Amino acid sequence: SAAAAAAEVAARHAIALDGMKEDMNARLTAAEKACAGRLEAAEKKHSTALAALAADMEQAALEAAEDYAATIAKLETSHSANIAKLEARHSERMTLLTAKHEAVQAAVARAARVPAG
């Protein structure tokens, strides 16, 4: 009978649909697990890369601080040496000026002692 054939076709379709649903659910579950695994691996890789970058940045900061300290030390040494040179030069000039001043004073004193005319 046509009704029985239709019912049989409908039953086969329902069974086929259930099979397709189970297959799709299994595929979906497998895909979700694969994605979760990939995501976890990517997060680990990202975390490792961030840690390495942070370590590199810390090392670079330490090196920059050491370079800065060394540069400051060099500048301080150079500055001290320059000040010492300037002080020595100043002392020499003051000695020469004092000698000239004393010579001029002596000459003025001699000139004052010489009688006019």
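Keep in mind it's a predicted model, so treat the numbers as computed, not measured. Residue positions are given per chain, counted from 1 along the sequence in the order it is written. Only residues with pLDDT of at least 70 get local features here, since the model is predicted, and only at 80 or more are side-chain atom pairs given and counted; chain-wide, interface and lining totals rely on the full set of residues. Processing note: side-chain calculations cover all non-hydrogen atoms of the structure and skip hydrogens and water entirely.

Q: In this structure, what is going on with the overall build of the protein? I would like to understand it.
A: Secondary structure elements follow DSSP: runs of H or I of four or more residues count as helices, runs of E of two or more count as strands, with numbering from the N terminus. A tally of helices and strands in the protein yields one helix and zero strands. In terms of overall dimensions, the protein has a C-alpha envelope of 170 × 25 × 5 Å along the principal axes. With a 1.4 Å probe rolled over the protein chains alone, any residue whose accessible area is under 20% of its type maximum counts as buried; one over 50% counts as exposed, and the rest are partly exposed. Here the protein holds 117 residues, and 0% of them are scored as buried. Both charge centroids of the protein, one from 14 positive and one from 16 negative side chains, sit 14 Å from each other. Counted as positive: Lys and Arg. Counted as negative: Asp and Glu. His and the chain ends are not counted at all. Here the site of a charge means NZ on Lys, CZ on Arg, CG on Asp, or CD on Glu.

Q: Which parts of the structure should I look at to understand a nonpolar patch on the surface?
A: A surface patch of nonpolar side chains, amounting to about 310 Å² of accessible area, comprises Leu 50, Leu 53 and Met 57. Mapped onto the secondary structure, Leu 53 falls in helix α1 (residues 2-113). Residue Leu 53 is classed as partly exposed on the basis of its relative accessible area of 46%. Like charges are joined within 9 Å and nonpolar side chains (Val, Leu, Ile, Met, Phe, Trp, Tyr) within 5 Å, but only among residues with over 30% relative accessible area and no salt bridge; these make up the patches. Here, Shrake-Rupley sampling with a 1.4 Å probe gives the accessible areas, and only protein chains in the shown set may cover a residue. Take a side-chain nitrogen of Lys or Arg and a carboxyl oxygen of Asp or Glu: if they are within 4 Å of each other, that pair is a salt bridge.

Q: Teacher, can you tell me more about the pattern of salt bridges here?
A: Side-chain pairs of opposite charge can arise where the charged atoms are in close proximity. Under the criterion given, the structure shown has three salt bridges. A salt bridge links Asp 23 to Arg 27; the nearest nitrogen and oxygen atoms lie 3.4 Å apart. Pair noted here: Asp 23 and Arg 27 are both in helix α1, with a separation of four residues, about one helical turn. Judged by relative accessible area, Arg 27 falls into the exposed class, the value being 54%.

Q: Quick question: what am I supposed to make of the environment of Ala 30 here?
A: Along the polypeptide, Ala 30 turns up in helix α1. Relative accessible area serves as the criterion here: at 45%, Ala 30 is assigned to the partly exposed category. On a C-alpha basis, the gap between Ala 30 and Thr 95 in space is 97 Å, while along the polypeptide they are 65 residues apart.

Q: Looking at this structure, I do not really get the environment of Ala 4. What am I missing?
A: Relative to the helices and strands, Ala 4 resides in helix α1. What makes Ala 4 partly exposed here is its relative accessible area of 45%.

Any functional reading would require information beyond the geometric quantities listed.
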